[in-house]
Every structure is written in C-alpha cells, then in structure tokens.
Amino acid sequence: MSYPHRHLLGIEPLLPEHIKTILDTAERLREVLDRPIKKVPTLRGRTVVNLFYEASTRTRASFEVAQKVLSADSLTITTATSSVQKGETLLDTARNLEAMNPDMIVVRHASSGAAHFLARHCRSSIVNAGDGAHEHPTQALLDALTLRQKKGRLEGLEVAIVGDLMHSRVARSNIWLLTKMGARVRLCGPPTLIPPGLDHLAPVTTNIDEALEGADAIMMLRVQMERMAGGFFPSLREYHQRYGLTVERVKRAKKDVVILHPGPMNRGVEIASEVADGPWSVILDQVTNGVAVRMAVLYLLLGGAEAAA
Amino acid sequence: MTAKGGHAAVPPGFVLARELMDGQRLARTLSRMAHEIVKHDPEVARLVLVGVRTRGVPMARRLARLIKAAGGAEPPVGALDITLYRDDLTTVAGQPVIQGTDVPCSIDNRRVVLVDDVLFTGRTVRAALDELVDFGRAARIELAVLVDRGHRELPIRADYVGQEVSTSRAQIVQVQLTEDDGRDCVLLLDREKPMAAALKAAPRAAGKKKAARR
C-alpha cells in the first residue's frame, strides 16, 4: 500500500491500487476530525502554498482545514489580492513563491494543464485543485470515498453523471476514477454541452430519464454559467425542465440511490431544492469527506522522506 | 512461512536466538499483569486500556478479559495508531500505512493503562503519550508491556512488565499472538549474517541446521 508519485495532477495516470491507497488513508484519517483536539503534529514544519486563480469555497476551505489539522503551515493566495492583477505570469508567480521554499503548491487555474505546467517547472509537490475543463482529482476522490461509504463498494455500481459535461473537470476526473475502480458510468447532458469524443470514455445519452433508470448513484454537475460565452441552451427554465433533477425523476433510479453534487449548487436549475435537501442527498457528507481526502493527499505526498520522483 | 512441528515461524532474514515465552508462559504472564493492574487500584470502573497498534491491541483485549476475571468489570479497550505522531516521519522512506486510532470513550479523569508488546527505545511510548493527551486529561497514565528489552533513548519506564530481557541492539524481539499470527509466543531473533544467508541459499538443509544451533 503506497502512493509512488510526488504530485497529484489527475486521476487519469493513477492505477487502481493508488486510488485505493488514497481512499483507505482518508478513511482512517477522518477519525481525527471527531477528536476533542482536532490536530495531529504529522506535517509540522512543512509549508504549503494554496494558489487559487479561480473562485472556490469548498475546495479551498477544505485544503486549508486539512493543512491545519495535520499541522502544516499554509498560506493562500487568491488572484484578486495578488500581483496577478499587475500582470505577473503563472510561472513567475510560482517561481517567486518557490524561492520561499514551500514543500507543496496546491493550484487551481482556469487553463487546462496549468498543474502539469507547474510540475514541470517547480521543485515542490504539485496538487491539482482544478485545471480548466481537464481534471479535479481531489473532488473525484471525495466523491468515491462518499460512494464507498454509502454503498460499501465502487465495483459494479451504476453511476449516472448528468449536466454540463463540456465544461466539467469534475466529470472527467470522476469518469476516470469510477471506470478504473470497476463502476459503470452513464453520461447525460444537453447535446450542446457534450464534447466530441466523450463517448469513447462512457456511454452518452441526451435523455435524462434513460440515464437515471436503475442508477445506484447520481452525480449532478453544475451549470457553469461563468464558462459559457455562447448560448448553449435557450433558458435556465428550459434547462431545468429537460435536465434538472426533480423528485419525479429520482424515482427512476434505485430506491436507495444516493445523489452527489460537487457544489456550488444552482438550486432550481440542475437540481430541485427538494432533491438537494432530500433523504437521498449526500452532499454534506461529500464536504466532510473532502477534508479527509485532502488530509490523505497531504500525508501521502508530504509524510515520509523526500520521494525520488 | 509456516510454523512447523510446533516451532515458531521465523521471518525471513532472521534466525532464532531463543524462545523467550511459549504459549503457556505468555498466558501466565498476562494473567499476572492483569492481577497487578487490579491490585494497584482495585476500583477498575474508571479504568481504560489503550493498546498501541499492532500487537498492543489484541494484548489489551486479553488483559481486559483477565481483569474482568480477576475482579470486576471489563474495562473498555481502545487502539492507538501512533503513525501521525512519529518523530521520524521526515526520515523514513515512503509513507507508513495509517491503520487508524479508535478511542471508544472519553479518557478525562480516568485511569489509562497504555499497552504495548515490546518496550525498546521508548519513542513509540512518547508518541502514544502525546496522542493520548490530545484525547483528554486522564487522571493517570500507566504503561504495561509484555517484554522490556532495554536500550531506552528517552526517560520512560513501564509500570507493569511481563519479562525483562537483556538484548543487543541488533536483535529483534518478536511477539506473536494468536489473533494476528496464529500462535502465542515471544521470540528473540538475530539478524541472519550474510555468510549464513549465502549458505542457506545454496544447500538449504545445511544452512537451516546451522541457524538452529545458534
């Protein structure tokens, strides 16, 4: 049981046993969050920089909580208050931060490949906290941890991923992870939000009722308004009518279906409030598991002596 | 490796120096330790046993049952994984596997007996004490070990000791418990010398005989 890499850039290059190592470690670290004193000295003296070029609540907060619980020193830089505003490039910012000797950089960026780019040019361990429409590995890991807790396994699960497949890095990371772990994935979204080639990864439909039929789990994707320059669908109301998850539609899935959403939710667009707050929803479990998964990633990348590569 | 003919399984790379305890002696020793724990403070209602993973946990469970037999209630048993508190995390290669900590009740104002199989440098106990402190303020923390083999690197001593053994630093004391290993015994092992290992690799039988004589 080990994790042999120095970085976590995406799910695609990982082997199933690496994914299992991260999930098992997260499972055991979660207990620390329930202790009277929620802090262990494991990563004392390690420094982590959180470099966020895009807005984030959950991911950023849970990385910060995980760092504090494991006693790593961390600082968070968001573009709104940094020299990025003055035109500094990603590489220059990263190099200057590296001159302060951090052990890890957690990066979120609007461009796909930003984390890989930093990994090529930096000494530190790089963790991808979301790069453009490419990958968001820690989100897929926390989704998998939640599913495994609720269903006892990942293998053989029928998972429907529904919504804005075009812009979703969460979908890509989840498709990789779930198929590697033996789950069966079906994808569903409006035709304008299905990128070409996606059907090589998993079966795709534009009919939500078909996608939900007999599903063990439903992963809803956020309609990413900020990334939509053109008109991908006529109106939010129409989106909700055709692709929104309603109580009626949930009934097509298995009785014990669980519903995940990576947040932030657009209530009344991709998901109805009664569903988001309903008995099937595991959305808040996802958030707690997010801290555990990020603790596991920090521990596996920074605990132990410097890895070779 | 399988145990054969009643002899304990010796892990590869080691040869048996001697058997420190067999199953019967181990059972007697644990029973005596349980009695000592009760004798020290007969009010066992406030007692909690906390085993240090891996072998400390089944050992603590057995002590709990023996304490019940010796007089009174069976104390709750917890498990500590001290990995997150190790002082050598920055130097060990790779990442030690996290097995998880489970402390079943509050330890505030309770008497805690920390249970481990072997007391050696004392660094594991130091880490365990640091971890326990984060779970609350115990009225008192005591230490029970099956074997004290010396070579302390920290000012730590045990309150209940199954057996004191003088060892060399290079030797290994291995406790095997039925729950994890399929048999009860305590072994003192020597590292196999490169020469002996080579002999063992070539004519297997000759190497084995030589190892057994030492």
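Numbering of residues begins from 1 in every chain and follows the order in which that chain's sequence is written. Chains carry letters from A onward and ligands carry numbers from 1 onward, assigned in written order. Note on the predicted model: pLDDT of at least 70 is required for a residue's local features to be given, and 80 or more for side-chain atom pairs to be given and counted; whole-chain, interface and lining totals, by contrast, use all residues. Working from all heavy atoms in the structure, the side-chain values ignore hydrogens and water.

Student: I'm lost on the interface of chain A and chain B in this one. Help?
Tutor: Interface extent is often summarised as the accessible area lost during association of the parts. At the interface, 21 residues of chain A touch 20 residues of chain B. Here chain A and chain B share an interface that buries about 1,700 Å² over both sides, 58% of which is from carbon and sulfur atoms. Between Lys or Arg on one side and Asp or Glu on the other, a salt bridge is scored when a side-chain nitrogen of the former is within 4 Å of a carboxyl oxygen of the latter. Where chain A meets chain B, there are one salt bridge. Among the salt bridges present, the one from Arg35 of chain A reaches Glu131 of chain B, with a minimum N-O distance of 2.8 Å. Here a strand is any run of E in DSSP of at least two residues, a helix any run of H or I of at least four, and the numbering for each starts at the N terminus. Among the secondary structure elements, those contributing two or more residues to the side of chain A that touches chain B are α1 (16-29) and α11 (283-302) of chain A. Its residues assigned to classes, the side of chain A that touches chain B comprises 11 nonpolar, five polar and five charged. Every residue pair with non-hydrogen atoms within 4.5 Å of one another is taken to be in contact. Accessible-area loss on putting two parts together, using a 1.4 Å probe and summing over both, is the definition of buried area adopted here. Each residue is assigned to one class: nonpolar for Ala, Val, Leu, Ile, Met, Phe, Trp, Tyr, Cys and Pro, charged for Asp, Glu, Lys and Arg, and polar for all the others, Gly among them.

Student: For this particular structure, what's the right way to read the packing of helix α3 (residues 90-98) of chain A against helix α4 (residues 114-121) of chain A?
Tutor: Residue and element names in this part refer to chain A. Between N-to-C directions, angles cover 0 to 180 degrees, with each direction set by a line fitted to C-alpha atoms, over the stretch in contact for helices. Axis separation between α3 and α4 bottoms out at 11 Å; the angle between their running directions is 50°. What the angle tells us is that α3 and α4 run oblique. As α3 packs across α4, the resulting crossing turns out to be right-handed. Listed contacts from α4 to Leu90, Leu91, Ala94, Arg95 and Glu98 of α3 are Ala114, Phe117, Leu118 and His121. Considered class by class, the residues forming the contact of α3 with α4 number six nonpolar, one polar and two charged. By the definition adopted for this analysis, an angle is roughly parallel if under 35 degrees, roughly antiparallel if over 145, roughly perpendicular if from 65 to 115, and oblique otherwise. Should the near helix be turned anticlockwise from the far one by less than a right angle, the crossing is termed left-handed; should it be turned clockwise, right-handed.

Student: Explanation requested: the packing of aromatic side chains in the structure shown.
Tutor: Each aromatic ring pair is characterised by the separation of its centres together with the angle its planes make. Two rings belonging to Phe, Tyr or Trp (six-membered ring only in the last case) form a pair when the distance between their centres is within 6.5 Å. Interplanar angles under 30 degrees mark stacking, angles over 60 mark edge-to-face geometry, and anything in between is tilted. The final tally for this structure, using the stated rule, is two aromatic pairs over all chains. Seen from their ring centres, Tyr239 of chain A and Tyr243 of chain A are 5.8 Å apart, and the 40° between their planes marks the pair as tilted. Residue Tyr239 of chain A and its partner Tyr243 of chain A are located together in helix α8 (residues 236-243), separated by four residues, close to a single helical turn. By the burial criterion, Tyr239 of chain A is buried, and Tyr243 of chain A matches it. Among the aromatic residues, those joined into a cluster by ring pairs are Phe233, Tyr239 and Tyr243 of chain A. Lysine NZ or arginine CZ positioned within 6 Å of the ring centre and within 35 degrees of the ring normal marks a charge as sitting over the ring. The cationic tip of Arg149 of chain B hangs over the ring face of Phe120 of chain B; the distance from NZ or CZ to the ring centre is 3.8 Å. For every residue, the accessible area (1.4 Å probe, protein chains only) is compared with the maximum for its type, and the residue is labelled buried under 20%, exposed over 50%, or partly exposed between those bounds.

Student: Explanation requested: the sheet that holds strand β5 (residues 140-148) of chain B in the structure shown.
Tutor: In sheet architecture, strand pairing relies on hydrogen bonds along the backbone and comes in two forms, parallel and antiparallel. All names here are of chain B. Pairing within the open sheet is parallel, and its five strands lie in the order β3-β2-β4-β5-β6. Looking at which strands have only one partner, the edges of the open sheet turn out to be β3 (77-80) and β6 (160-164). When the angles between neighbouring strand axes are averaged without regard to direction, this sheet yields 25°. Think of it this way: DSSP has to see at least two bridges between two strands before they count as a pair. With five bridges connecting them, strand β2 (residues 47-52) and strand β4 (residues 111-119) associate as parallel partners. Looking at the pairing, Val48 lines up with Val112 of β4. Seen against the sheet, helix α1 (residues 23-40) touches β2, β4, β5 and β6 and runs at an angle of roughly 150° to β6. Set on the sheet, helix α3 (residues 123-133) makes contact with β2, β3, β4 and β5; between it and β4 the angle comes to about 155°.

Student: Sorry, what's going on with the sheet that holds strand β8 (residues 185-191) of chain B here?
Tutor: All names here are of chain B. Across the sheet, which stays open at both edges, the three strands sit in the order β1-β8-β7 with antiparallel pairing between neighbours. Because the sheet does not close on itself, it has two edges, and the strands there are β1 (14-21) and β7 (172-176). Sheet twist, expressed as the mean angle between neighbouring strand axes with direction ignored, is 30°. With six bridges connecting them, β1 and β8 associate as antiparallel partners. Residue pairing in the sheet places Met21 in a bridge with Val186 of β8.

Student: Hey, could you run me through the confidence of the model for chain B in this one?
Tutor: Predicted coordinates in regions of low pLDDT should not be interpreted in detail. Residues and elements named next belong to chain B. pLDDT: the predictor's confidence for each residue, scored from 0 to 100. Here chain B averages 88 in pLDDT, and 87% of its residues register 70 or above. Predicted confidence in chain B is weakest over helix α6 (residues 204-213), with a mean pLDDT of 45, and strongest over β5, with 98. For residues 1-6, every residue scores under 50 in pLDDT, and the model assigns this stretch six contacts once sequence neighbours within four places are set aside. Counting interchain partners and residues more than four positions distant, the pLDDT-below-50 stretch residues 205-214 has 11 contacts.

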